[in-house]
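The primary structure of each chain is shown beneath.
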Amino acid sequence: MEERTRRLWEQHDQHHGDRHRLFAAVAPAIDVESVLYPGSFVDIAPSFVWPAVTYVDIDRRAEQFFGDEAGVQELLVEHGVEPHSLSVRFIAADDTDPLDLDEGEFDLLVSLYAGFVSEACTGHLRVGGTLLVNPSHGDAAMASLDPRYRLHAVVTSGSGNYAVDTRNLDTYLVPKRDIAVTRASLHDSGRGVAYTRSPFAYLFERVA
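Everything numeric in this text was worked out from a predicted model, so none of it was measured. (Residues numbered from 1 in each chain as written. Predicted model: local features only at pLDDT ≥ 70, side-chain atom pairs only at ≥ 80, totals over all residues. Heavy atoms only, no water.)

**Focus: the nonpolar core**
Now for step 1: Judged by nonpolar contacts, the single largest core of 34 residues is most densely connected at Phe23, Ile44, Trp50 and Phe65.
Now for step 2: Excluding its chain neighbours within four sequence positions, the residues that come into contact with Phe65 are Thr5, Leu8, Trp9, Val42, Ile44, Val72 and Leu75.
Now for step 3: Membership of the second largest hydrophobic core comes to 28 residues, among which are Leu36, Leu99, Leu151 and Phe204. (Core = buried A, V, L, I, M, F, W, Y, C linked by side-chain atoms within 4.5 Å. Buried < 20%, exposed > 50% of the residue type's maximum accessible area, 1.4 Å probe, protein only. Contact = heavy atoms within 4.5 Å.)

Encoded structure:
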């Protein structure tokens, strides 16, 4: 493994295993084989859980990281994964530009701290698939406005662990202030909305 590969992963995985715990908690709640992860940077934790993951990022460090295929495979083995059973694909691109991917190709779309991924990439998520999105940069709010999505569950966090909760979903996505949340207002602010309840992330099902 190239030294920079190890260094990039360790810098990303500052809270040891945090993303792995997140994806492992989500996995039993949804039916997933293939994952699209725009804005992934060097986060390969989805491949610790699911068999086929396509990573997309424009950052040159991500391209270098995934370019070290032997190093990536070594990290997978360290996390108990047999690499020959996996498909790890990296696309060096801006996810707001058209991607050379099929419509409805993926079961899960991941949007974590990466802008309005749901706007740009929902076409690649199959109907019945899931969007995992956190509130950062407003993408959870954007998904809540999108008629293609229905809130399916929330992901709560505590003491470094995660859990999926499907109870009382109507009490989520309620703004603290009496404001109109629109696509334009979200683009203008580039930030998430302050809600009365604040889970770590949301699971939306694509329904149309």
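**Some remarks on unusual backbone geometry**
Now for step 1: Here Tyr113, not a glycine, exhibits a phi torsion of approximately 55°, which is positive.
Now for step 2: Relative to the helices and strands, Tyr113 resides in the loop between strand S4 (106-111) and helix H5 (117-121).
Now for step 3: Here Tyr113 falls in the partly exposed class, since its relative accessible area comes to 44%.
Now for step 4: Of note, Ser159 is a non-glycine position whose phi angle comes to about 55°, a positive value.
Now for step 5: Structurally, the position occupied by Ser159 is in the loop between strand S6 (149-158) and strand S7 (161-165). (Helix = DSSP H or I, 4+ residues; strand = E, 2+ residues; numbered from the N terminus.)

**Digging into the packing of aromatic side chains**
Each aromatic ring pair is described using two quantities: the centre-to-centre distance and the angle formed by the ring planes.
Now for step 1: Taken as a whole, this structure holds ten aromatic pairs when the rule is applied.
Now for step 2: When the centroid spacing of 5.9 Å and the interplanar angle of 85° are considered together, the rings of Trp9 and Phe48 count as edge-to-face. With Trp9 in helix H1 (residues 3-12) and Phe48 in the loop between strand S1 (34-38) and strand S2 (52-57), the pair connects residues that are 39 residues apart, well separated along the chain.
Now for step 3: Classification of Trp9 by relative accessible area gives buried; the value is 6%.
Now for step 4: By way of ring pairs, the aromatic residues Phe23, Tyr37, Trp50, Tyr55, Phe65, Phe66 and Phe90 are connected into one cluster. (Phe/Tyr/Trp six-rings, centres within 6.5 Å; stacked < 30°, edge-to-face > 60°.)

**Quick word on the packing of helix H3 (residues 60-67) against helix H4 (residues 69-78)**
Now for step 1: Interhelical geometry of H3 versus H4 gives an angle of 75° and a closest axis separation of 5 Å. Our classification of the angle between H3 and H4 gives roughly perpendicular. Of the residues in H4, those in contact with Phe65, Phe66 and Gly67 of H3 are Glu69, Val72 and Leu75.
Now for step 2: Class assignment of the residues belonging to the contact of H3 with H4 gives a composition of four nonpolar, one polar and one charged. (Axes fitted to C-alpha atoms, helices over the stretch in contact; angles between N-to-C directions. Parallel < 35°, antiparallel > 145°, perpendicular 65-115°, else oblique. Nonpolar A, V, L, I, M, F, W, Y, C, P; charged D, E, K, R; others polar.)

**Quick word on the environment of Phe116**
Now for step 1: For Phe116, the position within the fold is in the loop between S4 and H5.
Now for step 2: Overall, the relative accessible area of 16% leaves Phe116 in the buried class.
Now for step 3: Each C-alpha atom, one on Phe116 and one on Leu186, is 9.4 Å from the other, the two residues being 70 residues apart in sequence.
Now for step 4: Excluding anything up to four places from it in sequence, Phe116 contacts His137, Gly138, Asp139, Met142, Leu186 and His187.

**Observations concerning the pattern of salt bridges**
Now for step 1: Under the criterion given, the structure shown has twelve salt bridges.
Now for step 2: Close ionic contact of Arg148 with Asp146 constitutes a salt bridge, the shortest N to O distance being 2.7 Å.
Now for step 3: Taking relative accessible area as the criterion, Arg148 reaches 26% and is therefore assigned partly exposed.
Now for step 4: What you see here is one network of salt bridges that share partners, running through Arg6, Glu74 and Glu78. (Salt bridge = Lys/Arg side-chain N within 4 Å of Asp/Glu carboxyl O.)

**Quick notes on the side chain of Asp165**
Now for step 1: The topology assignment puts Asp165 in strand S7.
Now for step 2: Within the local environment of Asp165, its side chain forms a polar contact with the backbone nitrogen of Arg167, the two atoms lying 2.9 Å apart. (Polar contact = N/O pair within 3.5 Å; in protein donor to acceptor, adjacent residues only side chain to side chain.)

**Some words on the pairing of S1**
Now for step 1: Within S1, five of the five residues are buried, which leaves it mostly tucked inside the rest of the structure.
Now for step 2: Burial along S1 is two-sided: Ser34, Leu36 and Pro38 and Val35 and Tyr37, pointing in opposite directions, are all buried.
Now for step 3: Relative to S2, S1 runs parallel, the two being bridged by five bridges. Within the sheet, the bridge partner assigned to Pro38 lies in S2 and is Val56.
Now for step 4: As judged from the two bridges shared by S1 and S4, these two strands associate in the parallel manner. Counted as the bridge partner of Val35 is Leu108 from S4. (Pairing = 2+ DSSP bridges.)

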